[in-house]
Amino acid sequence: MTARAADRTRYNRATAHLDAPIAIVDLDAFDANADDLVRRAAGKPVRVASKSVRCRALLERVLARPGFAGIMSFTLAESLWLARAGFDDVLLAYPTTDRAALAELAGDPKPAAAVTVLVDDHAQLELIDAARAGGREEIRVCLELDTSLRLLGGRVRVGALRSPLRSPAQLAELARSVARRPGFRLVGLMAYEGHVAGVGDAVAGRPLRSRAVRLMQAAARRELAVRRAEVVRAVRAVAPDLEFVNGGGTGSVQHTAAERAVTEIAAGSGLYVPRLFDNYTSFTARPAALFAQPVVRRPGVGVVTVLGGGYPASGPAGPDRLPVPYLPQGLRYDPQEGPGEVQTPLLGSPADDLLIGDKVWFRHAKAGELCERFEELHLIEGDRVTATVPTYRGEGRTFL
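Residues numbered from 1 in each chain as written. Predicted model: local features only at pLDDT ≥ 70, side-chain atom pairs only at ≥ 80, totals over all residues. Heavy atoms only, no water.

**Q** Mind showing me how you'd approach the overall build of the chain here?
**A** Along its length, the chain carries twelve helices and 19 strands. The C-alpha atoms of the chain give a radius of gyration of 22 Å, which matches the 21 Å a tight globule of 400 residues would have. The dimensions of the chain, computed from C-alpha atoms along their principal axes, are 70 × 50 × 35 Å. Evaluated residue by residue, the chain yields a buried proportion of 54% over its 400 residues. When contacts within the chain are restricted to residue pairs at least 6 apart in sequence, those whose partners lie at least 24 apart make up 69%. For the chain, the computed accessible surface area is about 17,100 Å², with 52% contributed by carbon and sulfur atoms. Positive and negative charge centroids in the chain, built from 52 and 46 side chains respectively, lie 5 Å apart. (Helix = DSSP H or I, 4+ residues; strand = E, 2+ residues; numbered from the N terminus. Rg over C-alpha atoms; globule rule 2.2 N^0.38 Å. Buried < 20%, exposed > 50% of the residue type's maximum accessible area, 1.4 Å probe, protein only. Contact = heavy atoms within 4.5 Å. Areas by Shrake-Rupley, 256 points an atom, 1.4 Å probe, with all protein chains shown as cover. Lys, Arg positive; Asp, Glu negative; His and termini not counted. Charge placed at Lys NZ, Arg CZ, Asp CG, Glu CD.)

**Q** It is not clear to me how the sheet that holds strand β6 (residues 139–144) should be interpreted in this structure. Could you clarify?
**A** To summarise the sheet geometry, strands pair through backbone hydrogen bonds and adopt either a parallel or an antiparallel arrangement. The strand order β2-β3-β4-β5-β6-β9-β10-β11 describes a closed barrel built from eight strands, whose pairing is parallel. Here the average twist between neighbouring strands, direction ignored, is 30°. Against the sheet, helix α2 (residues 27–41) makes contact with β2 (46–49), β3 (68–73) and β11 (264–267), and its axis sits at roughly 100° relative to β3, the strand it touches most. (Pairing = 2+ DSSP bridges. Axes fitted to C-alpha atoms, helices over the stretch in contact; angles between N-to-C directions.)

**Q** How should the packing of aromatic side chains be read in this particular structure?
**A** Both the distance between ring centres and the angle between the ring planes are used here to describe each pair of aromatic rings. Taken as a whole and assessed by the stated rule, the structure comprises 13 aromatic pairs. Ring centres of F30 and Y272 lie 6.2 Å apart, and the angle between their planes is 50°; on these two criteria the pair is classed as tilted. Of this pair, F30 sits in helix α2 while Y272 sits in helix α12 (residues 269–272); the two residues are 242 residues apart in sequence, bridging distant segments of the chain. The pair F30 / Y272 is uniform in exposure class, with both members buried. An angle of 50° between the planes, with centres 5.6 Å apart, marks the rings of W81 and F399 as tilted. Of this pair, W81 sits in helix α4 (residues 76–84) while F399 is found in the segment after β19 (384–390), placing the two residues 318 residues apart along the sequence. Under the relative-accessibility criterion, W81 is labelled buried at 12%. Relative accessible area serves as the criterion here: at 17%, F399 is assigned to the buried category. Through a chain of ring-to-ring contacts, the aromatic side chains of F74, W81, Y392 and F399 assemble into a single cluster. Lying over the aromatic face of F244, R47 brings its terminal NZ or CZ to 5.2 Å of the ring centre. Against the face of F184 rests R132, its NZ or CZ located 4.9 Å from the ring centre. (Phe/Tyr/Trp six-rings, centres within 6.5 Å; stacked < 30°, edge-to-face > 60°. Lys NZ or Arg CZ within 6 Å of the ring centre and 35° of its normal.)

**Q** Can you walk me through α2 in this structure?
**A** Residue pairs spaced three or four apart in an α-helix point in one direction, given the helix's 3.6 residues per turn. Its 15 residues place the ends of α2 21 Å apart at the C-alpha level, agreeing with the 21 Å of an ideal helix rising 1.5 Å per residue. Residues of α2 that are buried: L27, A29, F30, D31, N33, A34, D36, L37, R40 and A41. Where α2 begins, the capping side chain belongs to D26, and its oxygen is found 3.1 Å from the backbone nitrogen of D28. Positive phi shows up at A42, right after α2, with a value of about 55°. (Expected span 1.5 Å × (residues − 1). Polar contact = N/O pair within 3.5 Å; in protein donor to acceptor, adjacent residues only side chain to side chain.)

**Q** Hey, could you run me through the pairing of strand β9 (residues 184–191) in this one?
**A** Working note: regular strand, side chains alternate between the two faces of the sheet. Counting buried positions along β9 gives seven out of eight residues, so the element sits mostly inside the fold. Direction of pairing for β6 relative to β9: parallel, over a ladder of six bridges. Its bridge partner being in β9, E144 is matched across the sheet by M190. Sheet analysis places β9 next to strand β10 (residues 244–247), joined by four bridges and oriented parallel. Note on β10: the bridge partner recorded for M190 is N246.

**Q** So what exactly am I meant to see when it comes to the pattern of salt bridges here?
**A** One side chain can pair with another of opposite charge once the charged atoms of both are near each other. Going through the model one piece at a time under the given rule, you end up with 30 salt bridges. Linking R56 and E395 is a salt bridge whose minimum nitrogen-to-oxygen distance equals 2.6 Å. Highlighted residues: R56 in helix α3 (residues 56–63) and E395 in the segment after β19, separated in sequence by 339 residues. The exposure class assigned to E395 is partly exposed, which follows from its relative accessible area of 25%. Through salt bridges with shared partners, a single network forms among D146, R150, R166, E223 and R227. (Salt bridge = Lys/Arg side-chain N within 4 Å of Asp/Glu carboxyl O.)

Shown next as structure tokens:
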């Protein structure tokens, strides 16, 4: 029996009492993936990206492990909720214009001490000040560096359109603005190199593209390491008590950790390991999060139909943003239908061994977005469900 077939047997046995659709997290794989992230971080703490987990119980589980410290959140409302739930180090990784949440932050000492907001523009500081509504708590601030690789004199950009701040002078100038403004304290610097951490460099059947990606990423790492060190020096000249310099992502942990200027690594998808993280040479991990849809029809030989399953991930639309049928191995979508809103035909010889009510297991393209489809996660150890925990959605929290 192959390892994948053995996993299918375990998952089916563990969830035999549960009707699909369901979502699971294999805790043996989850914990092994956490250990691998810590190993690759080489002594630097790993800050957990909550958008890739979206389950408080699993955030608590991973943060209880050695090598992990702090959360990287995705909205201010989420940050406040986590702070009030007892998480004491929450870095908001995106700028916010949520005036009501900013007023809460400025008016409550507990979240104000726990939450750090991100800015990359003077206008964001103005908006925060205008939203205080009389709150006098000091706002902790992190600046973001644009990590994109610029080629041909800047005419070609490789990387996400995030911060407008690119040079040491630009970051230092905004740092001085924060330092001069009452009610703010600059505590951190963040730089997310998504074109390195979030782009697979070993795409099956695409050797030339894979080699081009590896060459691009090597050049990007070299350029960014030099520029990030210069930026950190410039910002520390303004704010010598800077608490952290955050960088990285699941696909670049060991490379980013090797930079002396970086003090902590961000990662989250490497815990669940969705399908977009299969195509990397820098690490190998185990799929930990899956969902199952029930077989509801058998339209013909070599075909079954499961309920629902059309759960595309964010990003540029394409086949790589779709969930993938995973267990039993060998199933594929009907190219005329794909994964559907209410039903999904699946083709392949394994279909002939599936009965009405059997489970087909899928992997989502991205990590935490799966939790927006399910209210709970069944946690599996060995061949048993040992706990069932709510997702953010299951707690009535849909932040985006």
